[in-house]
Amino acid sequence: MGSLEGWAISQWRDEIADRPWSASFPDLPRGVQKERTRPVSSLSAGRGEMAPLEGAAAGKGLPDSGSPRLFTWEEIALRNGRGPPPGDRWLVIDRKVYDISRFHKRHPGGSRVISGYAGQDATDPFTAFHLDQTLVRKHMKSLLIGELAPHEPSFEPSKNKLLVEDFRELRSTVEKMGLLKPNQLFFFLLLLQTILLEAAGWFVLWYFGTSLTTFLISTVLLTFAQSQAGWLEHDLGHLSVFSSPKWNHIFHEFVMCHLKVLSANWWTRHHSQHHAKPNCFLKDPDLELHPIPLSLGETPSMELGRQKKKYMPYNHQHQYFSFTLPLIVLPVFRAYSLYFIVKHKLWREIAWTTAYFVRFIVTFMPFCGVTGALAYLMLINITDSIVFTWISQSSHIPMHIDYDKNLDWFSAQLQSTCNVNQSLFNDWLTGHLNLQIEHHLFPTMPRHNFWKVAPLVKSLCAKHGIEYKSKHLFTGFADILRSLKVYGGVWFKAYHQAQEASTLSQEQSS
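Because the structure is predicted, anything quoted here is derived from the model rather than measured.

Side note on the pattern of salt bridges
Then, number 1: Applying the stated criterion to the full structure yields 17 salt bridges.
Then, number 2: Put simply, R112 and E288 hold a salt bridge, and the shortest N to O gap is 3.0 Å. Of this pair, R112 sits in helix α4 (residues 111–115) while E288 sits in the loop between β7 (280–281) and α12 (298–306), and the two are 176 residues apart along the sequence.
Then, number 3: According to the relative accessible area criterion, R112 is partly exposed, its value standing at 38%.

A short note on the confidence of the model for the protein
Then, number 1: Summing up the model confidence of the protein, the mean pLDDT is 88 and the portion of residues at 70 or higher is 87%.
Then, number 2: Confidence drops under pLDDT 50 across residues 1–61; counting only partners more than four residues distant or on other chains, this segment forms 105 contacts.

Some thoughts on the packing of aromatic side chains
Then, number 1: For the coordinates displayed, the defined rule picks out 34 aromatic pairs.
Then, number 2: Taken together, a centroid distance of 5.2 Å and an interplanar angle of 75 degrees make the contact between F281 and Y403 edge-to-face. In this pair, F281 is assigned in strand β7 and Y403 in strand β8 (residues 402–403), connecting sequence segments 122 residues apart.
Then, number 3: Residue F281 is classed as buried on the basis of its relative accessible area, which comes to 14%.
Then, number 4: You can call Y403 partly exposed: its relative accessible area is 26%.
Then, number 5: In textbook terms, an aromatic cluster arises when at least three aromatic residues are bridged by ring pairs, as seen for F215, Y356, F357, F360, F364, F367 and Y376.
Then, number 6: The ring centre of W90 lies 4.5 Å from the NZ or CZ of R79, which sits over that ring.

Some details on a nonpolar patch on the surface
Then, number 1: Together, L185, F188, L189, L192 and L196 make up a nonpolar patch on the protein surface, roughly 490 Å² of accessible area in all.
Then, number 2: Topologically, L192 is positioned in helix α8 (residues 184–208).
Then, number 3: We classify L192 as partly exposed; its relative accessible area is 35%.

Side note on helix α10 (residues 245–259)
Then, number 1: In a regular helix each residue adds 1.5 Å, so 15 residues correspond to 21 Å; α10 covers 20 Å between its end C-alpha atoms and thus fits that length.
Then, number 2: Residues N248, H252, E253, V255, M256, C257, H258 and L259 constitute the buried set of α10.
Then, number 3: Just beyond α10, the residue with positive phi is V261, at close to 60 degrees.

Structural notes on the nonpolar core
Then, number 1: In terms of nonpolar packing, the biggest core is built from 35 residues, with L91, F167, F410, L441, F442 and V457 touching the most fellow members.
Then, number 2: Of all the elements in the fold, those that place two or more residues in this core are β4 (90–93), α4, α5 (123–129), α7 (161–176), α16 (409–416), α18 (436–441) and α19 (450–464).
Then, number 3: With 6 residues, the single largest contributor to this core is α19.
Then, number 4: Core analysis: the next-biggest nonpolar cluster, separate from the first, contains 26 residues, Y320, L433, L484 and W491 among them.

Re the side chain of N381
Then, number 1: Tracing the backbone shows N381 in helix α15 (residues 347–393).
Then, number 2: Taking the relative accessible area as the measure of exposure, N381 reaches 10% and is therefore buried.
Then, number 3: One polar contact links N381 to R334, side chain to side chain, over a distance of 3.1 Å.
Then, number 4: Those residues in contact with N381 that lie beyond four places of it in its chain are L330, P331 and R334.

So, the sheet that holds strand β6 (residues 144–148)
Then, number 1: The mixed open sheet is built from 4 strands, whose spatial order is β3-β6-β5-β4. Looking at strand neighbours, the two that pair on one side only are β3 (70–71) and β4, the edges of this open sheet.
Then, number 2: Judged from the 4 bridges that link them, β4 and strand β5 (residues 96–99) form a sheet pairing that is antiparallel. The residue of β5 that forms the bridge with V92 is V97.

Parameters at a glance
Residues numbered from 1 in each chain as written. Predicted model: local features only at pLDDT ≥ 70, side-chain atom pairs only at ≥ 80, totals over all residues. Heavy atoms only, no water. Salt bridge = Lys/Arg side-chain N within 4 Å of Asp/Glu carboxyl O. Helix = DSSP H or I, 4+ residues; strand = E, 2+ residues; numbered from the N terminus. Buried < 20%, exposed > 50% of the residue type's maximum accessible area, 1.4 Å probe, protein only. pLDDT = per-residue confidence, 0-100. Contact = heavy atoms within 4.5 Å. Phe/Tyr/Trp six-rings, centres within 6.5 Å; stacked < 30°, edge-to-face > 60°. Lys NZ or Arg CZ within 6 Å of the ring centre and 35° of its normal. Patch = residues over 30% accessible without salt bridge, like charges linked within 9 Å, V, L, I, M, F, W, Y side chains within 5 Å. Areas by Shrake-Rupley, 256 points an atom, 1.4 Å probe, with all protein chains shown as cover. Expected span 1.5 Å × (residues − 1). Core = buried A, V, L, I, M, F, W, Y, C linked by side-chain atoms within 4.5 Å. Polar contact = N/O pair within 3.5 Å; in protein donor to acceptor, adjacent residues only side chain to side chain. Pairing = 2+ DSSP bridges.

Dropping the structure here:
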């Protein structure tokens, strides 16, 4: 798949080489306003010394001549937010260099999403996350400070050139096949299913009366109503239901706040960070379960042990996981969401959430009173949390967890995600997130098209010798416990080695 893309890129480079830079990018404004006040530095040729830059790179905008400031990957890699100079954050999109040092705090998707790519090429995640790239690029013009030098590759030299180009060709093929276009009828039926499941949960108690049997049936129906609503809000949050981001946001707020009782704004920020750098320690918020209550990943677990930190008996975490985390994840998320929407005064979210509580209490109060209705609501939260945790974590906890290694987009997603074998039941139960690999590669793709792109992804994996992992549903559940046992064992060994070394050192000093 690399030949056509390689030819196209070579033709593009030849064409650009023969044209003045301002003609190649006619939409670039001259004399971009000053974005930063402190000067930045450039590596002096051949000496590795830091010399002051001029023009756009020094915070003075592009020169009036329209000539761009040229940068090397070595210079860009230094602007990762950790310095030097401290606080500077640059990234590259389609060979253009952007200074996000101040903008990252105003980024609509949250600061951590975009900051995770500071000092790196962000072309593929930018393409993956944004539906209307033309509109977004207009807002990015004021951040533009230059471009890569002509001798520099379009992405970091450490990345596999052929793999990156092959994936970008695959992305182009996906767009041409129309696999990013949603089927609104499909999603309408999913919304209708969710409403009917919730109504059925109430109807069983109303029509057949309250008994242990009807109570259990109602609980199952309401649990799956919550679960299916969760997968639907996930679709809306990924902008994969409507072609317009506006309508995705409107319905996402309704489903998330009124059917799931979670903050749409909080979820978007949290989940986008996860997709930007999945299983990257300190960048993926899903790994904030480390070090309390779990120790995750072999490298972080080893570090935790060597630091002689023991917040939990991690060598037993595979045993206590089942009756702790699945029971509390969603209740904790909901409690934090309520705090989040009140703190940020998100009045529409407050209204939708309040309406849900009123509706649930009024609906079930005739059967069990106000206190009983609240207790029943908590029970549904817990059962929904169990389903969500086991399904969502089976694709990530057993996979590679480490610090960010700045891998190419395709490799990063395949290393951190895996699939559950496809079947009608698995598709329904997991909201098609059993095809997690395809979802992570194309986060805005409507879920009903995952199975169509899967053969193309498998073919690309085979070509480059990358493992495409897919397993049975219950194997995925068991792998959570197996991996937790491994991580706990790594921590246990490192912890006791550090303890023994410390004891020996004390004995020798005394």
